[in-house]
Amino acid sequence: VQLVESGGGLVQPGGSLRLSCAASGFTFSRYTMCWYRQAPGKERELVAGIDSVGGTTNYADSVKGRFTISRDNAKNTVYLQMNSLKPEDTAVYYCYARGFLFRLVEYWGQGTQVTVSS
């Protein structure tokens, strides 16, 4: 099983980034997918989530209206479009998969750094 994030980097305040998470080794279309982030000295927090078919999404209040989560089940990929970025969005962003196969199954990616700074 692999979740490989990409698209992170350094961006100025007000800028945009698009994160991607390519999944392999499991039936992607049966899993809820989420993006989490963790800033230095802070706990990991949920940023956004999307159900297995892409019909339902949810967002942290801090990113509502600025971030959009989406998925392409044909490509086994989930995305996070981040607009109007703020310095407080600086964190390592992690891709997360959750499914049920007689029990809860969870996978994490290795993370990608997003830095918002002028």
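Everything that follows concerns the structure shown earlier in this document.
(A) Region of the structure containing the nonpolar core. Among the nonpolar cores identified, the biggest contains 30 residues, and Met33, Trp35, Val78, Leu80, Met82 and Tyr93 are the most heavily contacted of them. Secondary-structure elements contributing two or more residues to this core are strand 3 (17–24), strand 4 (32–38), strand 5 (45–50), strand 7 (67–72), strand 8 (77–82), strand 9 (91–100) and strand 11 (112–116). Those residues in contact with Leu80 that sit more than four places away from it in its chain are Leu17, Arg18, Leu19, Trp35, Val47, Ala48, Phe67, Thr68, Ile69 and Tyr93.

(B) Broad picture of the state of the cysteines. For the coordinates displayed, the defined rule picks out one disulfide. What pairs with Cys21 in a disulfide is Cys95, and their sulfur atoms sit 2.1 Å apart. Across the S-S bond of Cys21 and Cys95 the torsion is about -85 degrees, and the bridge reads as left-handed. Linking Cys21 in strand 3 with Cys95 in strand 9, this pair joins segments that are 74 residues apart in sequence. Here Cys21 matches Cys95 in class, with each residue buried. A disulfide-free cysteine, Cys34 has its sulfur positioned 8.7 Å from the sulfur of Cys95, the nearest such atom. Taking the relative accessible area as the measure of exposure, Cys34 reaches 5% and is therefore buried.

(C) Looking closely at the pattern of salt bridges. With the rule as written, the count across this model stands at four salt bridges. We note a salt bridge from Arg37 to Asp89, for which the minimum N-O separation is 2.9 Å. Of this pair, Arg37 sits in strand 4 while Asp89 sits in the loop between strand 8 and strand 9, and the two are 52 residues apart along the sequence. Judged on exposure class, the residue Arg37 and its partner Asp89 are both buried. Residue Asp89 pairs with Arg66 through a salt bridge whose shortest N-O separation is 2.8 Å. Linking Asp89 in the loop between strand 8 and strand 9 with Arg66 in the loop between strand 6 (57–59) and strand 7, this pair joins segments that are 23 residues apart in sequence. Salt bridges sharing partners connect three or more residues here, namely Arg37, Glu45, Arg66 and Asp89.

Criteria and cut-off values
- Residues numbered from 1 in each chain as written.
- Predicted model: local features only at pLDDT ≥ 70, side-chain atom pairs only at ≥ 80, totals over all residues.
- Heavy atoms only, no water.
- Core = buried A, V, L, I, M, F, W, Y, C linked by side-chain atoms within 4.5 Å.
- Buried < 20%, exposed > 50% of the residue type's maximum accessible area, 1.4 Å probe, protein only.
- Helix = DSSP H or I, 4+ residues; strand = E, 2+ residues; numbered from the N terminus.
- Contact = heavy atoms within 4.5 Å.
- Disulfide = S-S within 2.5 Å.
- Salt bridge = Lys/Arg side-chain N within 4 Å of Asp/Glu carboxyl O.

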